[in-house]
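Observations on the three-dimensional arrangement
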Amino acid sequence: MVQLKLKRFLGMILVIVAGFLLQNSILPAIRWIIYVPNILVIIVCAFGLCSGPYYGMLAGVVCGLLMDSVFGYRIGFYSLVYLYMGYLNGICHKYFFYDNLLIPTIACGLSDFGLGCYIFVLHFLLRNRTNFQFYVMNMILPEMVCTIVTGLILFRIIIKINAKMEELEKRRSTKFV
């Protein structure tokens, strides 16, 4: 049982690191991409919806700490919002079905919009830059659309990885019984 949880955790870490590298080094280097999708939001949403609030929060904390260690000037800025994102998506775990991509699409869009608003309030509004409409129209909405479109592709991959891990857990648990 401990080995399976360790394998699930290591698989989650591998997916998060691959998504982080894709989001922050490979996609920005492609010149024709204007808005880079937030792949870490997609990963946190997928793990929260597929595995529940515990794994959603765990993925959120790991993604947040990774973002804080590379881009943050305060530890905990991104960790907090990704933690809440993972928890709220994990609550919706009971409404999620693997065949229906409507809930992951809505969850991904709302999570990205919430992250954009969080960044606006704590980075811009506190510095008396109050043009929220400009920020929403030029930053949040284009990134949200790009994240949703990318999420439709990545959700299928992450769902297959999660289904494989659940299959291994079920097979392992039936061996001992």
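A brief report on the enclosed structure follows. (Residues numbered from 1 in each chain as written. Predicted model: local features only at pLDDT ≥ 70, side-chain atom pairs only at ≥ 80, totals over all residues. Heavy atoms only, no water.)

**Brief notes about the packing of aromatic side chains**
Within the structure shown, the criterion is met by 8 aromatic pairs. Taken together, a centroid distance of 5.3 Å and an interplanar angle of 35 degrees make the contact between Phe120 and Tyr135 tilted. Of this pair, Phe120 sits in helix 5 (residues 102-124) while Tyr135 sits in helix 6 (residues 132-176), placing them 15 residues apart in sequence. Owing to a relative accessible area of 13%, Tyr135 belongs among the buried residues under this scheme. Lying across the ring of Tyr55, Arg8 places its NZ or CZ 5.0 Å from the centre. (Phe/Tyr/Trp six-rings, centres within 6.5 Å; stacked < 30°, edge-to-face > 60°. Helix = DSSP H or I, 4+ residues; strand = E, 2+ residues; numbered from the N terminus. Buried < 20%, exposed > 50% of the residue type's maximum accessible area, 1.4 Å probe, protein only. Lys NZ or Arg CZ within 6 Å of the ring centre and 35° of its normal.)

**Let's talk about the nonpolar core**
Counting 43 residues, the largest nonpolar core has Ile16, Leu40, Ile43, Tyr82, Leu115 and Phe155 as the members making the most contacts within it. Of all the secondary structure elements, the ones that give two or more residues to this core are helix 1 (2-26), helix 2 (39-51), helix 3 (53-70), helix 4 (77-91), helix 5 and helix 6. For this core, the leading source of residues is helix 2, giving 11 residues. Leave out the neighbours within four places in its chain, and Ile43 touches Val15, Ile16, Gly19 and Ile158. (Core = buried A, V, L, I, M, F, W, Y, C linked by side-chain atoms within 4.5 Å. Contact = heavy atoms within 4.5 Å.)

**Notes on the environment of Ile140**
Relative to the helices and strands, Ile140 resides in helix 6. By relative accessible area, Ile140 is classed as buried at 3%. Through-space distance from the C-alpha of Ile140 to that of Phe47 is 23 Å; in sequence the pair is 93 residues apart.

**As for the state of the cysteines**
This model, assessed by the stated rule, comprises 0 disulfides. For Cys45, which is in no disulfide, the shortest distance to another cysteine sulfur is to Cys108 and amounts to 4.9 Å. For Cys45, a relative accessible area of 0% gives the class buried. The closest cysteine sulfur to the non-disulfide-bonded Cys50 is located on Cys45, 11 Å from its own sulfur. For Cys50, a relative accessible area of 2% gives the class buried. (Disulfide = S-S within 2.5 Å.)

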